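# Structural characterization, general
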Amino acid sequence: MLHFFYGVMGSSKTAQLLMQRYNYQQLGLKVALIKPAVDTRAGQNLVFSRVGLQAEAELVLEPAHSVREQLLWLAARQAYSDFQYVFVDEAQFLSEEQVQELADLADDLEIFCYGLKIDFRGQFFPGSAALLRLASDIQEVAGALCWCGRKATMNTRVDQQGRVIKEGEQVLIDNQQRIRYIGLCYQHWRKGMSHA
Ligand SMILES: [Zn+2]
């Protein structure tokens with residue numbers, strides 16, 4: 001089955017992913033951890049959660065990669081006949097084709113994708129749109145709060161001074177920390193207010 005767990009920045013999606021993966025590993029089950037290549041925030045292979053949990057991804061998917069081929073390669077390298085469980089972090093960065101592949105592979109696998117639903121402009125990521133179309137199980141990772149105390153539902157790009165940025169490329173990851181992402185409630189996202 002293909003699962004999509006979506007949430008805003010700060011909803012501890014990655015921490016949940018890593019804890020769930022650990023639970024399967026404890027049972028001795030075969031688990032693969034993969035991520036799309038576009039996220040270089042914490043090193044190419046690292047799956048990093050802001051509460052401190054981290055793990056190395058076994059596969060880093062380039063946009064042109066076939067997920068099926070990459071999983072076969074990984075299974076061969078690790079002397080597994082196959083995987084039973086696949087975890088995907090930052091799944092919003094998957095291509096539409098890769099999500100389609102995952103949906104087809106999910107006949108035989110449990111595939112858990114974690115990611116953002118929308119970008120800082122309030123638009124779908126192509127990967128998330130495909131996951132919302134094709135996943136059999138869709139769940140929200142709630143818990144993130146706006147500074148006002150309301151539920152955070154909107155991803156927001158802010159500059160160093162905390163000013164809300166509403167325009168620009170969909171994917172912009174800045175390792176120099178000139179921009180960062182926070183979760184806001186809809187009202188404060190719409191008004192561009194990143195603080196009181
Ligand atoms: Zn708010």
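Residues numbered from 1 in each chain as written. Predicted model: local features only at pLDDT ≥ 70, side-chain atom pairs only at ≥ 80, totals over all residues. Heavy atoms only, no water.

### A closer look at the coordination of the zinc ion
Distances from the zinc ion to its protein donors, C146 (SG), C148 (SG), C185 (SG) and H188 (ND1), fall at 2.0 to 2.4 Å. Around the zinc ion, the 4 donor atoms sit at angles spanning 95 to 117 degrees, and that spread fits a shape best called tetrahedral. The sequence pattern formed by the donor residues of the zinc ion is C-x1-C-x36-C-x2-H. As far as burial versus exposure is concerned, C185 and H188 are alike and both buried. (Donors = N, O, S within 2.8 Å, 3.2 Å for Na, K, Ca; no water. Tetrahedral: all angles 85-135°; square planar, octahedral: opposite > 155°, others 65-115°. Buried < 20%, exposed > 50% of the residue type's maximum accessible area, 1.4 Å probe, protein only.)

### Quick look at the pattern of salt bridges
Taken as a whole, this structure holds 5 salt bridges when the rule is applied. One salt bridge in this structure joins K151 and E140, with 3.0 Å as the shortest N-O distance. Linking K151 in the loop between β8 (137–140) and β9 (154–159) with E140 in strand β8, this pair joins segments that are 11 residues apart in sequence. Given a relative accessible area of 42%, K151 falls into the partly exposed group. On the basis of relative accessibility, which here comes to 37%, the residue E140 falls in the partly exposed class. A salt bridge links D159 to R163, with the nearest nitrogen and oxygen atoms 2.8 Å apart. Taking the relative accessible area as the measure of exposure, D159 reaches 14% and is therefore buried. (Salt bridge = Lys/Arg side-chain N within 4 Å of Asp/Glu carboxyl O. Helix = DSSP H or I, 4+ residues; strand = E, 2+ residues; numbered from the N terminus.)

### Considering the environment of S194
If you trace the backbone, S194 turns up in the segment after α5 (186–191). Residue S194 is classed as buried on the basis of its relative accessible area of 14%. Considered as a pair, S194 and G183 are 11 residues apart in the sequence and their alpha carbons are 8.9 Å apart. When sequence neighbours within four positions are dropped, the list of residues in contact with S194 reads W147, V158, G162, V164, I182 and L184. (Contact = heavy atoms within 4.5 Å.)

### Quick look at helix α1 (residues 13–26)
A rise of 1.5 Å per residue sets the reference length of α1, with its 14 residues, at 20 Å; its end C-alpha atoms lie 20 Å apart and thus fit the reference within 8%. Within α1, the full set of buried residues consists of K13, T14, A15, L17, L18, R21 and Y24. Positive backbone phi, approximately 80 degrees, marks G28, located one or two places after α1. (Expected span 1.5 Å × (residues − 1).)

### Digging into the packing of aromatic side chains
On inspection of all chains with the given rule, the structure shows 9 aromatic pairs. The interplanar angle of 10 degrees and the centroid separation of 4.7 Å between the aromatic rings of F5 and Y114 together place this pair among those described as stacked. Note that F5 is positioned in strand β1 (residues 2–6) and Y114 in strand β7 (residues 110–115), a separation of 109 residues in sequence. Across the pair, exposure class does not vary: F5 and Y114 are buried alike. Consider the rings of F93 and F125, whose centres lie 5.8 Å apart with planes at 90 degrees: the pair is edge-to-face. One end of the pair, F93, is in the loop between β6 (85–88) and α3 (96–105); the other, F125, is in the loop between β7 and α4 (126–134), with 32 residues separating them in the sequence. Side by side, F93 and F125 carry an identical accessibility label, which is buried. Taken together, the ring pairs connect F5, Y24, Y85, F87, F112 and Y114 into an aromatic cluster. A cation sits over an aromatic face here: R157 above F120, 3.7 Å from the ring centre. (Phe/Tyr/Trp six-rings, centres within 6.5 Å; stacked < 30°, edge-to-face > 60°. Lys NZ or Arg CZ within 6 Å of the ring centre and 35° of its normal.)

### Here's the deal with the packing of helix α2 (residues 67–77) against α3
Taken N-terminus to C-terminus, the directions of α2 and α3 make an angle of 60 degrees; their axes are 9 Å apart at the nearest point. Classified by the angle their axes make, α2 and α3 are oblique. Contacts between α2 and α3 involve V67, R68 and L71 from the first element and Q98, E101, L102, D104 and L105 from the second. Of the residues belonging to the contact of α2 with α3, the class tally is 4 nonpolar, 1 polar and 3 charged. (Axes fitted to C-alpha atoms, helices over the stretch in contact; angles between N-to-C directions. Parallel < 35°, antiparallel > 145°, perpendicular 65-115°, else oblique. Nonpolar A, V, L, I, M, F, W, Y, C, P; charged D, E, K, R; others polar.)

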